[in-house]
Amino acid sequence: MKPDCYAVVGNPIGHSLSPRIHMLFAAQTNQSMVYEARLGRPGHFAEDVRHWFRTGLRGLNVTVPFKEEAFRLVDRRTARAQRAGAVNTVWAEADGTLTGDNTDGTGFLRDLRIRLDLDLADREILILGAGGATRGLLEPLLAEAPARLVIANRTPARAVALVESFAQLAGTTQLEASGLASIPDGPYDLLINATAAGLGTHGLSLPPGLLAGTSLAYDLVYGPASRPFLDWAREQGAGSVTDGLGMLVEQAAESFTAWRGVRPDTTPVLRELRETLDTP
Ligand code: NAP
């Protein structure tokens, strides 16, 4: 029997680790499947994706810059995709209609809880950035009942808009917005870089005092690209730092579980990727 076919679509896509991650999951759980990277064509995304599913694709991961387009394309969305406003996982139902999910926030939280053993209740969190990734993180972060969550963005209006749309989920958390130049004083227990920018000449410029010895600095970016932010965090005295590879593997495991009905063990997969990836 032919193996089931899965793919990730993005543009660019050559750098994607998703095929490797999913094939490691498949080998570990004895699933008969293939998983390939496909280059998305701007302007033809919906047409291409519908064609792929009509011709046998079982499931699709979606990465930059198509997550919002995937949100509009699918026929129905899970509650977490609806709140994130973006879709990174698609599957076909028996009648051929498409369902969209967003596993980024859950993947991030699983990485924090399981690998980093961090309890966020009553903690203070600072998120840099107010794009799609931050939107996906807000619901699961607020569910942990931190004392305070500040969203700081280059364009402050986007941070304000996020605070307004998530206010009803804030519960006891003090949810605030700021610009990058007016971040409320730290130190924060958790500082998340969810911007598409590194540190330095054309990147972020951050005030001192955001981090202390008990702080964790987490860059959603992984591999060498996370080095400037993580080096800065170490210089600022962060107790621990990590890149986004754990989140990448955990969000992939969430997709794999939704598609195949079996949850892979992420620990050996993350270890194997770390052995070959140049990580700070
Ligand atoms: P996005 O929607 O395009 O948002 C980009 C954010 O970065 C915006 O807040 C933007 O600010 C800010 N930004 C861009 N350039 C900047 C600069 N030079 N200085 C200051 N801020 C800048 O992107 P996204 O989907 O949220 O993704 C953000 C990052 O997370 C990406 O690097 C992505 O690869 C990573 N990510 C990783 C994972 C994982 O599994 N590890 C999952 C999802 C995303 P403005 O609003 O002012 O433009």
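Residues numbered from 1 in each chain as written. Predicted model: local features only at pLDDT ≥ 70, side-chain atom pairs only at ≥ 80, totals over all residues. Heavy atoms only, no water.

(A) How the structure looks around the site of the ligand. Close to the ligand lie 23 residues; A133, N153, T155, R158 and L220 are nearest. Interatomic distance of 2.9 Å between a backbone N/O atom of G132 and an oxygen atom of the ligand. Here an oxygen atom of the ligand sits 2.8 Å away from a polar atom, N or O, in the main chain of A133. Here the ligand, which alone exposes 940 Å², has 78% of that area covered by the protein. Breaking the shell around the ligand down by element, the ones donating at least two residues are α6 (132–142) and α9 (245–260). (Near = heavy atom within 4 Å. Polar contact = N/O pair within 3.5 Å; in protein donor to acceptor, adjacent residues only side chain to side chain. Areas by Shrake-Rupley, 256 points an atom, 1.4 Å probe, with all protein chains shown as cover. Helix = DSSP H or I, 4+ residues; strand = E, 2+ residues; numbered from the N terminus.)

(B) Summary view of the nonpolar core. In terms of nonpolar packing, the biggest core is built from 27 residues, with F108, L141, L149, I151, L190 and I192 touching the most fellow members. Taken together, the elements giving at least two residues each to this core come down to α5 (104–115), β7 (124–128), α6, β8 (148–153), α7 (156–166), β10 (190–193) and β11 (216–219). Once you skip the residues sitting within four places of it in the chain, L141 turns out to touch F108, L109, L120, I125, I127, P146, L149 and I192. Formed by 20 residues, the second largest nonpolar core is a distinct cluster that contains V8, Y35, W259 and L270. (Core = buried A, V, L, I, M, F, W, Y, C linked by side-chain atoms within 4.5 Å. Buried < 20%, exposed > 50% of the residue type's maximum accessible area, 1.4 Å probe, protein only. Contact = heavy atoms within 4.5 Å.)

(C) Fine view of the domain arrangement of the protein. When cut into domains, the protein gives domain 1 (4–102 + 246–276) and domain 2 (119–243). One C-alpha centre belongs to domain 1, the other to domain 2; they are set 26 Å apart. Taken together, the contact between domain 1 and domain 2 spans eleven residues of the former and twelve residues of the latter. Summed over both partners, the interface of domain 1 with domain 2 buries about 860 Å², with 50% contributed by carbon and sulfur atoms. (Domains from an automatic or database assignment. Buried area = accessible area lost by both parts, 1.4 Å probe.)

(D) Main features of the sheet that holds β10. Read across the open sheet, the six strands follow the order β9-β8-β7-β10-β11-β12; overall the sheet is parallel. Strand pairing shows two members of the sheet lacking a second neighbour, β9 (174–179) and β12 (240–242), which therefore form its edges. Ignoring strand direction, the axes of neighbouring strands in this sheet form an average angle of 15 degrees. As paired elements, β10 and β11 share four bridges and run parallel to each other. The residue bridging L191 from the neighbouring strand is A217, located in β11. In the packing of α5 onto the sheet, the strands contacted are β10, β11 and β12, and the crossing angle to β11 comes to about 145 degrees. (Pairing = 2+ DSSP bridges. Axes fitted to C-alpha atoms, helices over the stretch in contact; angles between N-to-C directions.)

(E) Quick look at the packing of helix α1 (residues 18–29) against α9. Relative orientation of the contacting elements α1 and α9 amounts to 55 degrees, with a least axis distance of 10 Å. Comparing their axes, α9 and α1 come out oblique. Helix-helix and strand crossings are classified by hand; for α1 and α9 the assignment is right-handed. Taking contact as the criterion, the partners of I21, H22, F25, A26 and T29 in α1 are, on α9, L248, V249, A252, A253, S255, F256 and W259. Its residues assigned to classes, the contact of α1 with α9 comprises nine nonpolar, three polar and no charged. (Parallel < 35°, antiparallel > 145°, perpendicular 65-115°, else oblique. Left-handed = near helix turned anticlockwise from the far one by under 90°. Nonpolar A, V, L, I, M, F, W, Y, C, P; charged D, E, K, R; others polar.)

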